[in-house]
Amino acid sequence: MATASGILIELRLEPSGLVSGKITCPPGLRPAPGQYLLAAGPSLAEPLPTALFPSGLEGEDLLVAPPLPQHWTSGLSLALRGPLGRGFSLPSSARRVALAALDASPARLLPLAFQALAQRASVTLYTCATPLGLPAEVEVLPLDLLPEAPAWADFLAMDVSIHDLPTLRPALKLGLYDRLACPAQVLIAAPMPCGGLAECGVCAVPTRDGWRLACSDGPVFDWNRLEV
């Protein structure tokens, strides 16, 4: 983990209606798919930092997924800390990869899509909002077709907010004791202002091993370890 300064050099309005951005970020701070940065502006009215997830690279700059704080403006100086958390572990043998965004934007899954394409896997994204920068090779399907994915996919990655975690099983049409037919991991988006330093518990996730913190034990969890 390292610290550095960055600049918010661009704001972008996503098709979902949320705002994403582009920041300067040294290579050593760039998060892997599913990891995050903590970013703090200079304003005294902003006592807690914001967790930023990557959505890709544009030249030497890091694209960050929405949502960004409403008061952030282009040119804002940011104090950065990271990379933080546990990201996705895409099997090198996976040739059919399914991604599913149950949150408003699938942008946090884009780095994993790029990684899967780089290892010559076919990629299908289940979402209700196609993000900016989605590669043309990625097939896009509606979320109501998600229950079909485990039957054909070698790997399934999902993105859901901590508040909507109970909706995962119904979205997959799984009963309480049903298991998925393929390996799966879940990125759980939660408030993570301390970045694992304070263990405040605000991002606590129920797992079969007890409560775990998204900021340090996650934010990506193995599906079979989640208590959902």
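Each remark here, short or long, concerns the structure printed above.
In what follows, the accompanying structure is described. Note that this is a predicted model, so its numbers are computed, not measured.

Analysis parameters
Here the residue numbering is sequential within each chain, running from 1 through the sequence in written order. A pLDDT threshold of at least 70 governs which residues receive local features in this predicted model, and a stricter bar of 80 or more applies before side-chain atom pairs are shown or counted, although totals over entire chains, interfaces and linings include all residues. No hydrogens and no water enter the side-chain calculation; it runs on all heavy atoms of the structure. Strands are runs of DSSP state E lasting at least two residues, helices are runs of H or I lasting at least four, and both sets are numbered from the N terminus onward. Each residue is placed in one exposure class: buried if its accessible area under a 1.4 Å probe, protein chains only, is under 20% of its type's maximum, exposed if it is over 50%, and partly exposed if it falls in between. Contacts were defined at the residue level, with two residues in contact if any of their heavy atoms lie within 4.5 Å. Working definition: rings of Phe, Tyr and Trp (its six-membered ring) pair if their centres are within 6.5 Å, and the pair is stacked with planes under 30 degrees apart, edge-to-face with planes over 60 apart, and tilted otherwise. Charges are assigned to positions over rings by a cutoff of 6 Å between ring centre and Lys NZ or Arg CZ, combined with an angular limit of 35 degrees from the ring normal. Here, a salt bridge means any side-chain nitrogen of Lys or Arg that lies within 4 Å of a carboxyl oxygen of Asp or Glu. A pocket here means an open set of points on a 1 Å grid, computed over the protein atoms alone, that has protein on both sides within 12 Å along at least five of seven lines. A cavity is instead a set of points where a 1.4 Å probe fits but cannot get out; residues with an atom within 4 Å of a point line either one. Grid points are joined across faces, edges and corners, and a volume is the space filled by probe spheres set on the points.

Before going further, it helps to spend a moment on the overall build of the protein. When its secondary structure is counted, the protein shows three helices and 15 strands. Projecting the C-alpha coordinates of the protein onto the three principal axes gives extents of approximately 50 × 40 × 30 Å. Split into buried and exposed, the 228 residues of the protein put 50% on the buried side. For the protein, contacts bridging at least 24 residues in sequence account for 66% of all contacts bridging at least 6.

We now examine helix α1 (residues 110-118). For α1, the full list of buried residues reads Leu110, Pro111, Leu112, Ala113 and Ala116. Where the residues of α1 are buried, they touch β5 (54-58), β8 (96-101), β9 (122-126) and β11 (155-161). Two residues or fewer past α1, Arg120 is found with a positive phi of approximately 65°.

Going through the model one piece at a time under the given rule, you end up with one aromatic pair. Each ring, one from Tyr36 and one from Phe53, has its centre 5.9 Å from the other, and the planes form 40°; the classification is tilted. Of this pair, Tyr36 sits in strand β3 (residues 36-40) while Phe53 sits in the loop between β4 (50-52) and β5, and the two are 17 residues apart along the sequence. The class of Tyr36 is buried, set by a relative accessible area of 0%. Given the relative accessible area of 7%, Phe53 is considered buried. Above the face of the Phe53 ring, Arg108 is positioned so that its terminal group lies 5.6 Å from the ring centre.

With that out of the way, let us pick up the pattern of salt bridges. Counted by the stated rule, this structure contains nine salt bridges. In this structure, the salt-bridge partner of Glu58 is Arg12, at a minimum N-O distance of 2.8 Å. One end of the pair, Glu58, is in strand β5; the other, Arg12, is in strand β1 (residues 2-13), and 46 residues separate them in sequence. Classification of Glu58 as partly exposed rests on a relative accessible area of 32%. One salt bridge connects Arg96 with Asp154, and the closest N-O pair in it is separated by 2.9 Å. On the criterion of sequence distance, the pair formed by Arg96 in strand β8 and Asp154 in the loop between α2 (149-152) and β11 is long-range, its members being 58 residues apart. In the salt-bridge network here, residues are joined through shared partners; they are Glu10, Arg12, Lys22 and Glu58.

Next up on the list: the layout of surface pockets. Of the volumes computed, that of the largest pocket is approximately 450 Å³. The element best represented in the lining of the largest pocket is β4, accounting for three residues.

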